[in-house]
Amino acid sequence: MFGTRGVRGPFGSKVTPELALKLGAAIAGYVGKGKIVVARDPRTSGEILSQAFISGALAGGLNVIDIGIAPSPCLAFTTRELKADGGVVITASHNPPTDNGFAFYSADGMEFVDDQELRIEGLVFDSPPKGASWESLGEAEGYDEAIPKYIEAIKEDVKVNEGFKVVIDCANGAASDVTPRLLEELGCEVVPMNSKMDGSFPGRNPEPQPWNLKDLMRAVKETGADVGLAHDTDADRIAAIDENGNFVKHDALIALFAKMAVEGGRGGVVITSINTSVSIEEVVERAGGRVLRTPLGDIHSEIPAQKAVFAGEPGKLIFPEFGPWMDGIYGAAKILEVMSSEKKPLSEIISEIPDYPMYQHDFYCPDEAKAGVMRKMRNYLIERVAGPYEVLEIDGVRINRKNGSWILIRPSGTEPKIRVVVEGRTEDEMKTLRQIAALGVKRFLNAA
Ligand code: MG
């Protein structure tokens, strides 16, 4: 039931009020006596799912604090602030407005790890909790201070000295009333776009990827802004556009904050997903730190054990000193903080991060053929990619060459696709690796 981040799917078929009710009952069974915080993004199905979910939780004897429409990182923050036993956001993140879903958080604001999700699944399908008796039913209450307190906490934590001009694109999502306000309170001149809450997301595709942010890039140039910032609908994600209107690569942002965290702490562990640039290892190791790679959707789970100083997956940044959750709003403030402390345009700051040619492509592959193609590709790549020096098999197969170039092939967990990522030291090497991968996938797919 759970994907890389919670439960997600089309409203009415996979994600229904009935499922919401069962999930509410399940979280009550999981937490026992206590309280949880519930939030949602502005999807049109949000209110319905939220009410059903809260009903299930109350019937299970759990108290609920409903903060209404709020960004995921604000929910995580509020869960910790109010010393609640957990939190839930009703969101489908960057999925289309027809979808919805549920993301669960622990008391410290960290998203559930796999074991916790399995227990919730068990409580939905195998052993639904009985429910509380009439005298121990849960109580629900509202809470108006979630967003103001979250904004206040970020303002106390980041130092932004200059009055930057910022174009902010909230994807008509839950941050529409939050990030523009935070930026203003940080002394910025704010140009909002797609920042009127609307559950049909009329402004753009909510995934903050370069191909969805053309309007933002143009607006940054046309208004002469210092930076453009973009969220997805629940604002756990952040993307940046530099002052020239160019998209800042997700991996460059990860490397930048990883480097700063390691420099600031004089060492430490940075966690990143299997699919990001080797530039992250380069800057982190140069600064005296170490990189740990995890499967996609899993960067948070090792943070406590590793005492990680930073964690990042493309578009998703975790600043453990503020909280162990992905935070696109805190991330926005941190980008301004770097610009302020470095006293340089964003493009110049980013140009100090090594940049290598990268290629990503998804090949169609029926689910039943995935395992066979992956097995054959593994051996084929080890044979063909000359002098492999490290093979990582935590999520698909990643082969790191000694010179720093690498190739990753992994089956999609949600779609009938095999994903290939290649990073070359040079454009030529990238093209060679790309060709090797494409030939292999096609050959084994035809044979499947
Ligand atoms: Mg999201």
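These remarks concern the structure in this document. (Residues numbered from 1 in each chain as written. Predicted model: local features only at pLDDT ≥ 70, side-chain atom pairs only at ≥ 80, totals over all residues. Heavy atoms only, no water.)

## Brief notes about empty space enclosed by the protein
Then comes step 1: Evaluation of the coordinates by the stated rule reveals three cavities of 30 Å³ or more.
Then comes step 2: Empty space within the second largest cavity amounts to approximately 80 Å³.
Then comes step 3: Looking at the second largest cavity, the residues that line it are Lys249, Asp251, Ala252, Ser277, Ser279, Pro354, Asp355, Tyr356, Met358 and Glu423.
Then comes step 4: Among the residues forming the lining of the second largest cavity, the class breakdown is four nonpolar, two polar and four charged. (1 Å grid on protein atoms, 1.4 Å probe; cavity = no way out; pocket = protein on both sides within 12 Å on 5 of 7 lines; lining within 4 Å. Points joined across faces, edges and corners; volume = space filled by probe spheres on them. Nonpolar A, V, L, I, M, F, W, Y, C, P; charged D, E, K, R; others polar.)

## Things to note about helix H7 (residues 214–223)
Then comes step 1: Three or more residues of H7 are buried, namely Leu216, Met217, Ala219 and Val220. Down the axis of H7, the smallest arc covering the buried residues is 165 degrees, so these residues share one side. Exposed residues lying more than 90 degrees from the buried face of H7 are Lys221 and Glu222.
Then comes step 2: Residues of H7 that are buried make contact with strand E8 (165–169), strand E9 (189–193), strand E10 (227–230) and strand E11 (239–241).
Then comes step 3: Once H7 finishes, Gly224 follows within two positions and takes phi at roughly 65 degrees, a positive value. (Buried < 20%, exposed > 50% of the residue type's maximum accessible area, 1.4 Å probe, protein only. Helix = DSSP H or I, 4+ residues; strand = E, 2+ residues; numbered from the N terminus. Arc of directions from axis to C-beta. Contact = heavy atoms within 4.5 Å.)

## Observations regarding the pairing of strand E5 (residues 86–90)
Then comes step 1: Burial of E5 is extensive: five of the five residues sit out of reach of the surface.
Then comes step 2: Here five bridges tie strand E3 (residues 35–40) to E5, and the two strands are oriented parallel to one another. Looking at E5, one finds that Arg40 is bridged to Ile90.
Then comes step 3: Bridge analysis of E5 against strand E6 (residues 99–106) gives five bridges, and the strand direction is antiparallel. (Pairing = 2+ DSSP bridges.)

## Considering the pattern of salt bridges
Then comes step 1: Taken as a whole, this structure holds 26 salt bridges when the rule is applied.
Then comes step 2: Between Arg181 and Glu185 there is a salt bridge, with the nearest N and O atoms lying 3.7 Å from each other. With Arg181 and Glu185 both in helix H6 (residues 179–185) and four residues apart, this pair spans about one turn of that helix.
Then comes step 3: On the basis of relative accessible area, Arg181 is assigned to the partly exposed category, the value being 34%.
Then comes step 4: Of the residues examined, Glu185 reaches a relative accessible area of 38% and is grouped as partly exposed.
Then comes step 5: The partner of Lys344 in a salt bridge is Glu342, and the shortest N-O contact between them spans 3.9 Å.
Then comes step 6: If you follow the salt bridges from partner to partner, you end up with Glu152, Lys155, Arg181 and Glu185 in one network. (Salt bridge = Lys/Arg side-chain N within 4 Å of Asp/Glu carboxyl O.)

Read these as geometric descriptors, not functional statements.
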